[in-house]
Amino acid sequence: MVMSWTQTKRLFGLGLSNICGSFFSAYPATGSFSRSAVNHESGAKTGLSGIIMGIIICSALLFMTPLFTDIPQCALAAIVISAVTGLVDYEEAIFLWGIDKKDFFLWAMTFTTTLTFGIEIGVLVGVGFSLAFVIHESANPHIAVLGRLPGTTVYRNTLQYPEAYTYNGIVVVRVDAPIYFANISYIKDRLREYELKLPNSNRGPDVGRVYFVILEMSPVTYIDSSAVQALKDLHQEYKARDIQIAIANPNRQVHLLLSRAGIIDMIGAGWCFVRVHDAVQVCLQHVRSSSSNAIKLSPQASGNLTESPKAQQRYGFLRNLWKAQDGNGSAGDEAQSLLRQNLV
């Protein structure tokens, strides 16, 4: 019996894979995918089936080859196809279509590529599309505008809980992902969008624009250096437009990183809170105090202030707040009273 060059390469590949896999406790391979499918359809449960299959194949090659000379190759192909079709999980495809279209697309793309170009290319294409989906989801995280549930101090996504209400001049935003270089631009764009397109607020005095942005950071598990620099730039942009940033409920690692980067000092220690409700109450006090200054707001999206004759010699209330904070005034002390010494 003379083995062909293809069979020799196949045996060499199986032997080499088993030798390499033995260093990592891998399951030993004894045949190709089609042979594994036939073995599975035959009801094999353990690795002993490989030994039995090897004995049967050797016996057939040595003593039964004359009986197989007249069998057409299409009959052998039908045996392989009938065995492989049982490995296609149609119910899983239907389940993926009903749950997540992206997972179904990934399944269909991997299945089609494997049938067309082979299992190696199919696996590589499946892994590539999976990584692309992960990068896309990470670069476009879920961001929610939070509102207060009636009768509680709990703040939840206004889209999930339509009964939750918000306050005029205050936007509470929750980022449900780590903040790093890949998604910080998307987060800044969404914050800018919330500033220009005011949420449908139904509580508090009507001030006509956003004065406070509260970042609820409990889901944020990590912030990198690029995100830190972007937050500094965002703070400067907001400060130029008379908008104050407040941080609520950061975890220990995030809070230490923000402190070392100087963001806590830049924003002000009095604007870091344990709860979202504490931050909202402090911001609401300043918004209510601003309504008594009779400041007329211009309709421009940039948020510039047009002062009334009685307030021509005054700045906006938030500019006074910045001065009070820089001079350790009463506004900073008022906010500081709600800040616990231990944020975690």
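Residues numbered from 1 in each chain as written. Predicted model: local features only at pLDDT ≥ 70, side-chain atom pairs only at ≥ 80, totals over all residues. Heavy atoms only, no water.

Looking only at helices and strands, the chain features 15 helices and 8 strands. By residue count, 34% of the 344 residues in the chain fall in the buried class. (Helix = DSSP H or I, 4+ residues; strand = E, 2+ residues; numbered from the N terminus. Buried < 20%, exposed > 50% of the residue type's maximum accessible area, 1.4 Å probe, protein only.)

On the surface, a cluster of nonpolar side chains totalling about 830 Å² of accessible area is made up of Leu62, Phe63, Met64, Leu67, Phe68, Ile71, Leu76 and Ile79. For the nonpolar patch, the secondary-structure elements that each account for two or more residues are α3 (48-63), α4 (65-68) and α5 (73-85). Residue placement: Ile79 occurs in helix α5. The partly exposed category is assigned to Ile79, whose relative accessible area is 48%. (Patch = residues over 30% accessible without salt bridge, like charges linked within 9 Å, V, L, I, M, F, W, Y side chains within 5 Å. Areas by Shrake-Rupley, 256 points an atom, 1.4 Å probe, with all protein chains shown as cover. Salt bridge = Lys/Arg side-chain N within 4 Å of Asp/Glu carboxyl O.)

Next up on the list: the nonpolar core. Within the largest apolar cluster, 54 residues are counted, with the highest numbers of intra-cluster contacts made by Ile170, Ile179, Leu191, Ile214, Met217, Ile223 and Leu258. Setting aside residues no more than four positions away along its own chain, Leu258 makes contact with Met217, Ile223, Leu231, Ile247, Ile263 and Ile264. (Core = buried A, V, L, I, M, F, W, Y, C linked by side-chain atoms within 4.5 Å. Contact = heavy atoms within 4.5 Å.)

Sequence positions flagged by UniProt for "transmembrane region" (unreviewed entry) are, in local numbering, residues 12-30, 50-68, 75-99 and 105-135. Helix makes up 95% of residues 50-68 and strand 0%, and the two end C-alpha atoms of the span are 22 Å apart. Its end C-alpha atoms 16 Å apart, residues 105-135 is made of 97% helix and 0% strand. (UniProt positions renumbered as here; feature names shortened; annotations may be inferred.)

Here the focus is the pairing of strand β1 (residues 143-148). The element β1 is largely enclosed, with a buried count of 6 among its 6 residues. Going residue by residue along β1, you find Ile143, Val145 and Gly147 tucked away on one face and Ala144, Leu146 and Arg148 tucked away on the opposite face as well. In the sheet, β1 pairs with strand β3 (residues 170-175) via 3 bridges, with the strands oriented antiparallel. Its bridge partner being in β3, Val145 is matched across the sheet by Val173. Relative to strand β2 (residues 155-157), β1 runs antiparallel, the two being bridged by 3 bridges. Following the sheet pairing, Arg148 is matched in β2 by Tyr155. (Pairing = 2+ DSSP bridges.)

A word on the packing of aromatic side chains. Applying the stated rule across the entire model yields 9 aromatic pairs. Pairing Tyr165 with Tyr167 gives two aromatic rings, centres 5.8 Å apart and planes at 80°, and the pair type is edge-to-face. Taken individually, Tyr165 and Tyr167 each receive the classification buried, so the pair is uniform in this respect. An aromatic cluster is built from Trp97, Phe104, Trp107 and Phe111, whose rings are joined through pairwise contacts. (Phe/Tyr/Trp six-rings, centres within 6.5 Å; stacked < 30°, edge-to-face > 60°.)

In this section: the pairing of β3. Within β3, 6 of the 6 residues are buried, leaving the element largely enclosed by the surrounding structure. Along β3, one buried face is formed by Ile170, Val172 and Arg174 and the opposite face, lined by Val171, Val173 and Val175, is buried too. Across 5 bridges, β3 lies against strand β4 (residues 212-216) in parallel orientation. When the bridges of β4 are listed, Val172 appears paired with Ile214.

For helix α8 (residues 119-139), spanning 21 residues, the distance from its first C-alpha to its last is 30 Å, which sits close to the expected 30 Å at 1.5 Å a residue. Considered for burial, the residues of α8 that qualify are Gly122, Gly126 and Ala139. Seen end-on, α8 carries its buried residues on one side only, within an arc spanning 165°. In α8, those exposed residues whose orientation departs by more than 90 degrees from the buried face are Glu120, Leu124, Leu131, Val134 and Ile135. Tucked inside the fold, the buried residues of α8 contact α7 (101-117) and α9 (184-196). (Expected span 1.5 Å × (residues − 1). Arc of directions from axis to C-beta.)

Time to look at the sheet that holds β1. Paired through their backbone hydrogen bonds, the strands of a sheet run either parallel or antiparallel. Strand order across the open sheet formed by 6 strands is β2-β1-β3-β4-β5-β6, with mixed pairing between neighbours. Two strands close off the open sheet at either side, each with one partner strand: β2 and β6 (272-273). In the packing of α9 onto the sheet, contacts are made with β1, β3 and β4, and the angle to β1 comes to roughly 40°. (Axes fitted to C-alpha atoms, helices over the stretch in contact; angles between N-to-C directions.)

Before going further, it helps to spend a moment on the packing of helix α6 (residues 90-99) against α7. For any two helices packed against each other, one specifies the inter-axial angle together with the distance between the axes. It is at 6 Å that the axes of α6 and α7 come closest, and there the two elements cross at 145°. Side by side, α6 and α7 meet where Ala93, Leu96, Trp97 and Ile99 of the first sit next to Lys101, Asp103, Phe104 and Trp107 of the second. Of the residues in the contact of α6 with α7, the class split is 6 nonpolar, no polar and 2 charged. (Nonpolar A, V, L, I, M, F, W, Y, C, P; charged D, E, K, R; others polar.)

What follows deals with the side chain of Arg209. Take Arg209: it is sitting in the loop between α9 and β4. Buried charged residue Arg209 carries no salt bridge. Nearest counter-charge: Asp242, at 4.7 Å. Side-chain polar atoms of Arg209 contact the backbone oxygen of Asp242, separated by 3.4 Å. (Lys, Arg positive; Asp, Glu negative; His and termini not counted. Polar contact = N/O pair within 3.5 Å; in protein donor to acceptor, adjacent residues only side chain to side chain.)

Between its first and last C-alpha, helix α10 (residues 225-240) extends 23 Å over 16 residues, near the 22 Å set by a 1.5 Å rise per residue. Regarding α10, the residues found buried are Ala227, Val228, Ala230, Leu231, Leu234, His235 and Tyr238. Along the axis of α10, the buried residues cluster in a sector spanning 160°; they form a single face. Along α10, the residues that are exposed and aim more than 90 degrees away from the buried face are Ser225 and Ala240. Residue Asp242 follows α10 closely and has a positive phi angle near 60°.

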